[in-house]
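# Reading the structure
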Amino acid sequence: MMKINAFINLTAVFMLLVSGVKAQFVLPALQYSYDALVPHIDSTTMRIHYSNHHRTYVNNLNAAIDRHPELKNRGLEELLSGITAIPADIRIAVRNNGGGHYNHSFFWMLLTPKQTKPSLKLEKAIVSGFGSMDSFKAEFEKAAAARFGSGWVWLIVSDGKLKIVSTPNQDNPVMGDAPEKGVPVMALDVWEHAYYLKYQSNRGAYVKAFWNILNWDRVSDLYNAYR
Ligand SMILES: [Fe+2]
């Protein structure tokens with residue numbers, strides 16, 4: 001029961017983060033220590049990724065919004081879904097840093113040192129959509145390998161179906177001009193800053209390690225909430 005409540009509370013925190021009215025965006029607290037995901041993600045990468053990269057996105061997003069105080073009552077998801085209408089002088093900053101803040105906040109929530117597995121409902125949907133769990137993983141890994149340069153791979157719900165998509169840079173499927181929009185239920189950061197210290201150029205090994213630390217309970221929770 002405590003476990004279920006913890007997940008519900010974390011989902012609520014994320015929903016507040018992306019939809020709530022805030023004067024300033026803040027770096028959300030990590031729910032685990034920097035070394036919690038060792039050996040799959042090393043503690044130095046976690047520390048730099050969270051406390052340097054993510055913090056910089058938050059700071060730069062706040063600096064951009066400071067230049068247009070009329071946007072201060074908007075939540076993060078509202079800013080991103082309305083990205084094409086953001087004033088031109090800060091549109092790229094909001095896209096890159098608002099996207100970076102959204103994507104990383106989402107990503108941290110999807111990682112855990114605990115062993116988890118998908119709910120029956122989610123597993124059924126994955127098998128129905130991709131043939132088998134192994135085929136789904138293979139397709140996700142292929143999309144991660146195919147993303148040239150920096151970006152993200154996502155599992156989204158679109159028109160009621162699960163779909164794997166990838167986005168460049170800090171773009172994501174909730175952005176108003178995303179070519180493939182949907183509700184994210186899972187994501188993987190494939191920027192080199194996410195894996196280079198441990199895996200160097202071997203993105204494939206990092207992606208395979210991701211399955212060991214993916215919080216399937218969280219993915220199931222998100223799928224159940226939106227489906
Ligand atoms: Fe990242």
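Residues numbered from 1 in each chain as written. Predicted model: local features only at pLDDT ≥ 70, side-chain atom pairs only at ≥ 80, totals over all residues.

Quick look at the sheet that holds strand S1 (residues 151-158) now. Strands sit in the order S2-S1-S3 across an open sheet of three strands; the sheet is antiparallel. Strands at the two margins of the open sheet, each flanked by one partner only, are strand S2 (161-168) and strand S3 (183-189). Strand-to-strand twist of the sheet, defined as the mean angle between neighbouring strand axes without regard to direction, takes the value 20°. Where S1 and S2 come together, eight bridges link them in antiparallel fashion. Each residue of the ladder has a partner; that of Val153, found in S2, is Ser166. (Pairing = 2+ DSSP bridges. Helix = DSSP H or I, 4+ residues; strand = E, 2+ residues; numbered from the N terminus. Axes fitted to C-alpha atoms, helices over the stretch in contact; angles between N-to-C directions.)

The next point concerns the environment of Asn202. Residue placement: Asn202 occurs in the loop between helix H7 (196-199) and helix H8 (203-213). Distance from Asn202 to Ala145, taken between C-alpha atoms, is 9.8 Å for residues 57 residues apart in sequence.

Our focus in this paragraph is the packing of helix H2 (residues 43-66) against helix H4 (residues 88-109). Between H2 and H4, the shortest axis-to-axis distance is 8 Å and the interhelical angle comes to 140°. Taken together, the axis directions place H2 and H4 in an arrangement best described as oblique. Seen along the crossing, H2 lies across H4 with a hand that is left-handed. Contacts from Tyr50, His54, Tyr57, Val58, Asn60, Leu61 and Ala64 in H2 reach Ile90, Ala93, Val94, Asn97, Gly98, Gly100, His101, His104 and Trp108 in H4. Residues belonging to the contact of H2 with H4 are distributed by class as follows: nine nonpolar, seven polar and no charged. (Parallel < 35°, antiparallel > 145°, perpendicular 65-115°, else oblique. Left-handed = near helix turned anticlockwise from the far one by under 90°. Contact = placed C-beta atoms within 7 Å. Nonpolar A, V, L, I, M, F, W, Y, C, P; charged D, E, K, R; others polar.)

The next point concerns the nonpolar core. Counting residues in each nonpolar core, the largest one holds 51 residues, and the members touching the most others are Val153, Ala187 and Leu188. At six residues, H2 tops the list of elements feeding residues into this core. Counting contributing residues, this core receives three or more from each of domain 1 (2-19 + 43-109) and domain 2 (120-226). If sequence neighbours within four positions are ignored, Val153 has contacts with Phe140, Ala143, Ala144, Arg147, Ile164, Ser166, Ala187, Leu188 and Val190. (Core = buried A, V, L, I, M, F, W, Y, C linked by C-beta atoms within 7 Å. Buried ≥ 20, exposed ≤ 12 C-beta atoms within 10 Å, placed from the backbone. Domains from an automatic or database assignment.)

A word on the environment of Glu77. Its place among the elements puts Glu77 in helix H3 (residues 76-81). Overall, Glu77 belongs to the partly exposed group, with 18 C-beta atoms counted inside 10 Å. Between the alpha carbons of Glu77 and Gly176 there is a distance of 9.8 Å; along the sequence they are 99 residues apart.

For the rest of this paragraph, the subject is the confidence of the model for the protein chain. Here the protein chain shows a mean pLDDT of 92. Residues at 70 or above account for 89%. Segment residues 1-8 is flagged for pLDDT under 50; beyond a separation of four residues in sequence, or across chains, it makes three contacts in the model. (pLDDT = per-residue confidence, 0-100.)

Further remarks concern H8. For H8, the full list of buried residues reads Tyr206, Val207, Phe210 and Ile213. Axial view of H8: buried residues confined to an arc of 110°, hence all on one face. Residues of H8 that are buried in the fold lie against helix H6 (133-146), S3 and H7. (Arc of directions from axis to C-beta.)

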